[in-house]
Amino acid sequence: MAGEFHDSCILVGAPVQSGTNRLGCDMGPSAYRAAGLGQAIRDLGIAVTDAGTVAPKPFAPPPHPNPAVHHLAETAGWTLALTEAAYRHSAAARPIFLGGDHSLSAGTVAGMGLRARSEGRPLFLLWLDAHADLHTLDTTTSGNLHGVPLAYLTGQPGFTGYFPPLDAALDPARICMIGLRSVDPAERAVLRDSGTRVHDMRDIDETGIVAPLRDFLREVKAAEGLLHVSLDVDFLDPGIAPGVGTTVPGGATFREAHLIMELLHDSGLVRSLNLVELNPFLDERGRTALLMADLAASLFGRRILDRPTRSF
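Residues numbered from 1 in each chain as written. Predicted model: local features only at pLDDT ≥ 70, side-chain atom pairs only at ≥ 80, totals over all residues. Heavy atoms only, no water.

Trainee: Hey, could you run me through the overall build of the protein chain in this one?
Mentor: Counting its secondary structure elements, the protein chain contains 10 helices and 8 strands. Relative to the 2.2 N^0.38 estimate, which gives 20 Å for 312 residues, the radius of gyration of the protein chain is 18 Å and therefore close to what a compact globule would have. Along the first, second and third principal axes, the C-alpha set of the protein chain runs to 55 × 40 × 40 Å. Carbon and sulfur atoms form 53% of the exposed surface of the protein chain, whose accessible area is close to 12100 Å². (Helix = DSSP H or I, 4+ residues; strand = E, 2+ residues; numbered from the N terminus. Rg over C-alpha atoms; globule rule 2.2 N^0.38 Å. Areas by Shrake-Rupley, 256 points an atom, 1.4 Å probe, with all protein chains shown as cover.)

The following block contains the structure:
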């Protein structure tokens, strides 16, 4: 169970920026380290090691008929490398993947799927994001591959030969999406019949965050599942987290985000974490990196009353 890994975390740098045409996400891992993420978790009495930075592996897909698709070989190479890294590093510690754009989740979640299968447990995914990232290589109009990882991970058609073979597809019914507010028609059509739990920001405005998250966590616990959390900077309102290239107004507030992290810690279920889409080039004096590091610390046990006072 997750408690066996409570006292050990491993930081894994994933400087992926091939999923978008906007440069800067490759600086994310350095920004998280500079923001003191590792020390913040050590201060909670948890052992933290730093595995350094993953590099993409060679992968040579054929040209894709959708002319919008770009950086396909590089993104597929990252997926292959991160699948292997996630499986390896999750054997005896809880990995924290420092991104990098959200295309990295194609590898990290696939690797955690292999880990779950090796332990005879189902994998569950909490997706904290403004976007569903459910486009296929055929439906994407931007060609930005940070918009396709969940389509790949859930075994949707069109990835064979273009991405690494998926050994452990993720059941859409074991995904919970919170914070959606920018979903394309093709993605809505997939979500409609998928069985995925979807809580957009209107749901959160109307009913709050606690009930839907606790319902999902009860399901994970009942299934003795392995839980991966993927936290995208654009889940947060750009007023508190400007360091992202895909800002969407109306995101989660400071307290909503911290409450989610605190509830996740209380559950004892989280086995791995993605921190994605931080673009330090767009940030304000490290403001977003510091907030994301604080949120990660909350997930690993730091309470709001324990937060250090900072001057900016």
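Trainee: Sorry if this is basic, but what is going on with the pattern of salt bridges here?
Mentor: Pairing of side chains with opposite charge becomes possible as their charged atoms draw close. Taken as a whole and assessed by the stated rule, the structure comprises 10 salt bridges. Between Arg 33 and Asp 50 there is a salt bridge whose closest N-O contact spans 2.7 Å. Taken together, the residues span a long stretch of sequence, with Arg 33 in helix H1 (residues 28–34) and Asp 50 in strand E2 (residues 47–53) at a distance of 17 residues. Given the relative accessible area of 28%, Arg 33 is considered partly exposed. Overall, Asp 50 belongs to the partly exposed group, its relative accessible area being 40%. A salt bridge links Glu 84 to Lys 57; the nearest nitrogen and oxygen atoms lie 3.4 Å apart. One end of the pair, Glu 84, is in helix H3 (residues 72–89); the other, Lys 57, is in the loop between E2 and H3, with 27 residues separating them in the sequence. Of the residues examined, Glu 84 reaches a relative accessible area of 36% and is grouped as partly exposed. Sharing partners across several salt bridges, the network here consists of Glu 119, Arg 121 and Arg 271. (Salt bridge = Lys/Arg side-chain N within 4 Å of Asp/Glu carboxyl O. Buried < 20%, exposed > 50% of the residue type's maximum accessible area, 1.4 Å probe, protein only.)

Trainee: Help me understand unusual backbone geometry, please; the structure alone is not making it clear to me.
Mentor: A negative phi holds for most residues other than glycine; trans holds for most peptide bonds. In this structure, the amide linkage connecting Gly 99 to the following residue, Gly 100, adopts the cis form with an omega of 15°. With respect to the helices and strands, the residue Gly 100 is situated in the loop between strand E3 (94–99) and helix H4 (105–118). Residues other than glycine seldom take positive phi values, yet Asp 133 does so here, at roughly 55°. Summarising the element assignment, Asp 133 is placed in the loop between strand E4 (123–128) and helix H5 (149–153).

Trainee: What is the right way to look at the sheet that holds strand E6 (residues 197–200) in this model?
Mentor: Strands belonging to one sheet form pairs held by backbone hydrogen bonds; the direction of such a pair is parallel or antiparallel. The 8 strands are arranged E2-E1-E3-E8-E7-E4-E5-E6 in an open sheet whose pairing can be described as parallel. Of all the strands in the sheet, the pair left with one neighbour each is E2 and E6. Mean inter-strand twist for the sheet, computed between neighbouring axes without regard to direction, equals 15°. Note: E3 against strand E8 (residues 270–276), 3 bridges, orientation parallel. Bridging from a neighbouring strand, Phe 97 pairs with Asn 274 of E8. Across the face of the sheet, H4 comes into contact with E3, E4, strand E7 (226–232) and E8 while running at roughly 170° to E7. (Pairing = 2+ DSSP bridges. Axes fitted to C-alpha atoms, helices over the stretch in contact; angles between N-to-C directions. Contact = heavy atoms within 4.5 Å.)

Trainee: Would you explain the pairing of E3 in this entry?
Mentor: Side-chain positions along a regular strand alternate between the two faces of the sheet. The element E3 is largely enclosed, with a buried count of 6 among its 6 residues. The side-chain alternation of E3 yields two buried faces, one formed by Arg 94, Ile 96 and Leu 98 and the other by Pro 95, Phe 97 and Gly 99. Pairing of strand E1 (residues 8–14) with E3, which is carried by 6 bridges, proceeds in the parallel orientation. Of the residues in E3, the one forming a bridge with Cys 9 is Arg 94.

Trainee: Teacher, can you tell me more about the side chain of Thr 83 here?
Mentor: The topology assignment puts Thr 83 in helix H3. Those residues in contact with Thr 83, other than ones at most four positions away along the chain, are Ala 106, Gly 107, Ala 110, Gly 111 and Leu 114.

Trainee: How should the packing of helix H8 (residues 210–222) against helix H9 (residues 254–267) be read in this particular structure?
Mentor: For any two helices packed against each other, the geometry is given by the interaxial angle and the distance between the axes. At a closest axis distance of 11 Å, the pairing of H8 and H9 adopts a crossing angle of 25°. Judged by the angle between their axes, H8 and H9 are roughly parallel. The element H8 and its partner H9 pack so that their crossing is right-handed. Residues Val 210, Leu 213, Arg 214 and Leu 217 of H8 lie in contact with H9, whose contacting residues are Leu 259, Ile 260, Leu 263, Leu 264 and Ser 267. For the contact of H8 with H9, the class distribution of residues is 7 nonpolar, 1 polar and 1 charged. (Parallel < 35°, antiparallel > 145°, perpendicular 65-115°, else oblique. Left-handed = near helix turned anticlockwise from the far one by under 90°. Nonpolar A, V, L, I, M, F, W, Y, C, P; charged D, E, K, R; others polar.)

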